[in-house]
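Chain by chain, the residues run as shown.
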Protein chains: 4
Amino acid sequence: MDSVIVKMIDNVKLRNSTLIVGLPGIGNVGKITADYLIDKMKAKKFADVFSYHLPPQVLINNDARAKLVRNELYYKKRKEGDILIFTGDFQGLTSQGQYEISYRILEMSRDLNVKEVITLGGYQIGKLVEIPRVLGSYTNEELKEKVEKLGVIFSKSEPGGGIVGGAGLFLGMGYELFNLPGICLMGETSGYFSDPKSAKQVTKVLLEYLKIKIDTKELDEKVKEIEEITNKIVENQPEERREDLGYFG
Amino acid sequence: MDSVIVKMIDNVKLRNSTLIVGLPGIGNVGKITADYLIDKMKAKKFADVFSYHLPPQVLINNDARAKLVRNELYYKKRKEGDILIFTGDFQGLTSQGQYEISYRILEMSRDLNVKEVITLGGYQIGKLVEIPRVLGSYTNEELKEKVEKLGVIFSKSEPGGGIVGGAGLFLGMGYELFNLPGICLMGETSGYFSDPKSAKQVTKVLLEYLKIKIDTKELDEKVKEIEEITNKIVENQPEERREDLGYFG
Amino acid sequence: MDSVIVKMIDNVKLRNSTLIVGLPGIGNVGKITADYLIDKMKAKKFADVFSYHLPPQVLINNDARAKLVRNELYYKKRKEGDILIFTGDFQGLTSQGQYEISYRILEMSRDLNVKEVITLGGYQIGKLVEIPRVLGSYTNEELKEKVEKLGVIFSKSEPGGGIVGGAGLFLGMGYELFNLPGICLMGETSGYFSDPKSAKQVTKVLLEYLKIKIDTKELDEKVKEIEEITNKIVENQPEERREDLGYFG
Amino acid sequence: MDSVIVKMIDNVKLRNSTLIVGLPGIGNVGKITADYLIDKMKAKKFADVFSYHLPPQVLINNDARAKLVRNELYYKKRKEGDILIFTGDFQGLTSQGQYEISYRILEMSRDLNVKEVITLGGYQIGKLVEIPRVLGSYTNEELKEKVEKLGVIFSKSEPGGGIVGGAGLFLGMGYELFNLPGICLMGETSGYFSDPKSAKQVTKVLLEYLKIKIDTKELDEKVKEIEEITNKIVENQPEERREDLGYFG
């Protein structure tokens, strides 16, 4: 079998399009953001992506129906430029898997007239913060300047090191091997749990950059749910340890 | 060498056939069931499957004869629809191995006019039960309804998560990549040892669904053997721990 | 690069030949035996085998010269039937590596008119014995009977389980995929160190079977060296533990 | 995607050239030396090498710009013979990765008229020394004699074992599969941190061998920085442990 199998549901033609990559990862920030966008924009799935680089299993939904683990491609046509969203259940299990899946989707993106790539992720800071900042990395000056105006921080010291996984590879391979300019938007997150608060900040920047007019209200509901859980955890900590959790709420 | 090598023993033509997948796994439920069916139906082996995704070794039988580890395909012709059974010594060692072996057999199944796939496995509950239930997952409503009438439980909450390995992949890939409807039958099992009691329940459902008229007496003998062993284990536990073992016998 | 690269040193034509496989493994029994045979028969190397399934390194000899890790093929022409010996620095690092290297050499063997394969190894018993027995496994009745007459034990219970690595794969794949009859000769060994005493017993059987007239004196010297070391270890054990080491000398 | 992707920046033609390999590794000696040479000789990059055998990530520089992890090829034309330098962010993650990247670069080297290969590395001795020696290994007597005159030590006992990674593979595969004579220069290093002092000794030998006239002053500055750090560590050790650190300064 091919290492990556794309099963087309719909043969779409896009123009002047932006590829958005939001996969599971740190604080699940990328995936929450991508899912929200798909849901609220009513983006339409046009391809399932299967691969032996994903875990060998099916997931079972509430109705006991089995679904082979997958990545997915969605699109939304707009006069300001079409939107292409890549998300999924898992990232590739190995280095080779990560590269091969990203490469295959970038090949498709070329045929779908993608002009830029925006990857989404979490930036782990190991503590809770009231309003997570959105940190950025880039491969193109012009894009950087545009999102810098929207409050994204391109810091010398942060994020040090690197960006691992799809959020890094789509950015780096897109630029080096497919001539695609790109930015990565990373929401600060404790990294300890699924973090809709961080995703909300990333979503706001993304919506503004793409000139999409949808609200982030439903993310607030998810934030509330998570906060109730984390507040309980904080309350159950002895007084002196609360500060260590870095929670200023 | 090819990653999966099918060595044909007999060139069979099947029609209107059902693929049954019973590989080693949790409680060995799938394999016990497949072996029993092969034995009692006098199904005939028509292909050996070798792969570098299986462990690099031979097994040695009682006579000191060496046998390369393998998977196997059996068939049984019937006027109600032919039966194809896939079983083996091991499952693929890696994710890629799991996918490649399943994919190769599904390719063959297409040529053998397989119309549906039934995968067998154990569902680990971590305790002993008197009469294990048979839980199901599905990719096709019609099949689901048929086996639901036979007592299979398609629960919202169970089995949560997913089905890992061949029992999951044949179901998921069969549906997504080969257009094959399917169900997975999972016998509840402690998961601590080879579990013929769980296999017996799965076998009963399978026989009824396929309208095969063989008894399950010999499975009862295996159940007795295992129960003698597990009873001893329970007796050797201090009184207060027996309940934890969840044994209601 | 190809996964296995055979670098021919000499283009040999063999007839009526026997393939002997002696690779590093338990007690190093297979490799010691192969090396001894090569040395005493003055077998000639005709091919180096390199592979990315071997460790990524060079070995450095006493003279500081670097040698890429490799497997090697030797031959000896004889009127009783030619001899082909496969040995090397390492076995493949992964399951796929083990299979691919064995398969490639078996392909070559077919072109070199190999009529049978004899694999050599150690059988770990976890204790020292005065005279290690030679245990056998087989894929062909006739070969089994021949070596049984030479004292090789084909036991129902031993070796239980299986034979892992090249000693198993050349036997199993040779038989299933290349139609080559074969036997595996395993010298009992503690498995705790390189074991020339076990190798000597295997060598004796092999020489007799192949009607090769060389002595095993030099192996005795190696045995003495190792025994001096192990005797010291035994002497340094408290009295009551000596028996546990299973040393009857 | 191909396992190794070479992105040419400049189509160079070299003649009578020497391939120098300095990758990250023990004490980072190889990489420090290669980087210094590139910097001081003003060598020009002519190819980026990407691979799914490298980690799946981008690195982020001080300016927040993302760079896909890579290996790199530099060249410098000279009338004494051209210089080709291979360096990079990481070595291949797996055995197969190490082999495939080395093999691909050696293929390119053949087309670039490489006549010899010099690999650079650290030789871990587990303690600090005042003046690290440069140890050598070789595949060609003539080259060995040349560098032996420059003080490189080709010892019977050191380096025992082997040379792992690119420093070993370029040497071993270069010789066996590309007919390229070669030497490996290893600077003694504690191996506990990045070691410019060791790299300086290797650099000196290399410059002399290649008849390159650049100084090693800037390496001295790096040595000073590291020494300040390690001196502090030594001072913070209790008196009796200082000797264990093997520091004779």
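Structure: above.
In this report, the structure presented in the accompanying data block is examined. (Residues numbered from 1 in each chain as written. Chains lettered and ligands numbered in written order. Predicted model: local features only at pLDDT ≥ 70, side-chain atom pairs only at ≥ 80, totals over all residues. Heavy atoms only, no water.)

1. Section: the overall build of chain A
Now for step 1: Within chain A, the secondary structure is distributed over seven helices and eleven strands.
Now for step 2: Once the C-alpha set of chain A is aligned to its principal axes, its extents read approximately 55 × 45 × 35 Å.
Now for step 3: Scored against the burial criterion, the 249 residues of chain A give a buried share of 59%.
Now for step 4: The long-range share in chain A, meaning contacts at least 24 apart out of those at least 6 apart in sequence, stands at 77%.
Now for step 5: Positive and negative side-chain charges of chain A, numbering 35 and 36 respectively, have mean locations separated by a distance of 6 Å. (Helix = DSSP H or I, 4+ residues; strand = E, 2+ residues; numbered from the N terminus. Buried < 20%, exposed > 50% of the residue type's maximum accessible area, 1.4 Å probe, protein only. Contact = heavy atoms within 4.5 Å. Lys, Arg positive; Asp, Glu negative; His and termini not counted. Charge placed at Lys NZ, Arg CZ, Asp CG, Glu CD.)

2. Section: the packing of aromatic side chains
All names here are of chain D.
Now for step 1: Under the counting rule described, the total for this entry stands at 16 aromatic pairs over all chains.
Now for step 2: Ring centres of phenylalanine 86 and phenylalanine 170 lie 5.5 Å apart, and the angle between their planes is 50 degrees; this geometry places the pair in the tilted category. Here the residue phenylalanine 86 occupies a position in strand 7 (residues 83–88), and phenylalanine 170 occupies one in helix 4 (residues 166–178), the gap between them amounting to 84 residues.
Now for step 3: A relative accessible area of 0% means that phenylalanine 86 is categorised as buried. (Phe/Tyr/Trp six-rings, centres within 6.5 Å; stacked < 30°, edge-to-face > 60°.)

3. A short note on the relation of the copies chain B and chain A
Now for step 1: The two copies are related by a screw operation: chain B maps onto chain A through 90 degrees of rotation and 0.0 Å of translation along the axis, at an RMSD of 0.0 Å. In symmetry terms, the pair is related by a four-fold rotation axis. Residues of chain B ranked by C-alpha distance from the rotation axis are headed by B:Thr94, positioned 7.8 Å from it. (Least-squares fit on C-alpha atoms with pLDDT ≥ 70 in both.)

4. A word on the sheet that holds strand 4 (residues 57–60) of chain A
Now for step 1: Strand order across the open sheet formed by three strands is 5(A)-4(A)-10(B), with antiparallel pairing between neighbours. In this open sheet, the two edge strands, each paired with only one partner strand, are strand 5 (66–68) of chain A together with strand 10 (162–164) of chain B. Strand-to-strand twist of the sheet, defined as the mean angle between neighbouring strand axes without regard to direction, takes the value 30 degrees.
Now for step 2: Contacting strand 4 and strand 5 of chain A together with strand 10 of chain B, helix 4 (residues 166–178) of chain B runs over the sheet at an angle of about 80 degrees to strand 5 of chain A. (Pairing = 2+ DSSP bridges. Axes fitted to C-alpha atoms, helices over the stretch in contact; angles between N-to-C directions.)

5. Here we look at the interface of chain D and chain A
Now for step 1: Counting residues at the interface gives 23 residues for chain D and 29 residues for chain A.
Now for step 2: Of the roughly 2200 Å² buried at the junction of chain D and chain A (both faces included), carbon and sulfur atoms supply 58%.
Now for step 3: For the interface between chain D and chain A, the tally reads four salt bridges.
Now for step 4: Put simply, D:Lys7 and A:Glu176 hold a salt bridge, and the shortest N to O gap is 2.7 Å.
Now for step 5: Where chain D touches chain A, the interface holds 14 residue pairs in polar contact (both at pLDDT 80 or more).
Now for step 6: Mapped by element, the contributors of at least two residues to the side of chain D that touches chain A are strand 1 (4–8), strand 3 (44–51), strand 4 (57–60) and strand 5 (66–68) of chain D.
Now for step 7: With four residues, the single largest contributor to the side of chain D that touches chain A is strand 4 of chain D.
Now for step 8: Residue composition of the side of chain D that touches chain A, by class: 15 nonpolar, four polar and four charged.
Now for step 9: Note: strand 10 (residues 162–164) of chain A against strand 4 of chain D, three bridges, orientation antiparallel. Its bridge partner lying in strand 4 of chain D, A:Gly162 is registered against D:Leu59. (Buried area = accessible area lost by both parts, 1.4 Å probe. Salt bridge = Lys/Arg side-chain N within 4 Å of Asp/Glu carboxyl O. Polar contact = N/O pair within 3.5 Å; in protein donor to acceptor, adjacent residues only side chain to side chain. Nonpolar A, V, L, I, M, F, W, Y, C, P; charged D, E, K, R; others polar.)

6. Overview of the pairing of strand 8 (residues 114–124) of chain B
All names here are of chain B.
Now for step 1: Here strand 8 lies mainly inside the structure; nine of its eleven residues are buried.
Now for step 2: Note: strand 2 (residues 17–22) against strand 8, six bridges, orientation parallel. Considered in strand 8, the bridge of leucine 19 is made with valine 117.
Now for step 3: Strand direction decides the pairing type here: strand 8 and strand 11 (residues 182–189), joined by eight bridges, are parallel. Across the sheet, the residue bridging to tyrosine 123 is glutamate 188, located in strand 11.

7. Brief notes about unusual backbone geometry
Now for step 1: If you check the backbone angles, A:Asn16 has positive phi at about 55 degrees while not being a glycine.
Now for step 2: Looking at the secondary structure, you find A:Asn16 in the loop between strand 1 (4–8) and strand 2 (17–22).
Now for step 3: Using a relative accessible area of 35% as the deciding quantity, one classes A:Asn16 as partly exposed.
Now for step 4: With a phi angle near 55 degrees, D:Asn28 is a residue other than glycine that sits in the positive phi range.
Now for step 5: Locating D:Asn28 in the fold gives a position in the loop between strand 2 (17–22) and helix 1 (29–41).

8. Quick look at the sheet that holds strand 4 (residues 57–60) of chain B
Now for step 1: In space, the three strands of this open sheet follow the order 5(B)-4(B)-10(C), with antiparallel pairing throughout. Single-partner strands in this sheet number two, and they are strand 5 (66–68) of chain B together with strand 10 (162–164) of chain C. Each strand axis lies, on average, 30 degrees off the axis of its neighbour in the sheet, ignoring direction.
Now for step 2: Seen against the sheet, helix 4 (residues 166–178) of chain C touches strand 4 and strand 5 of chain B together with strand 10 of chain C and runs at an angle of roughly 80 degrees to strand 5 of chain B.

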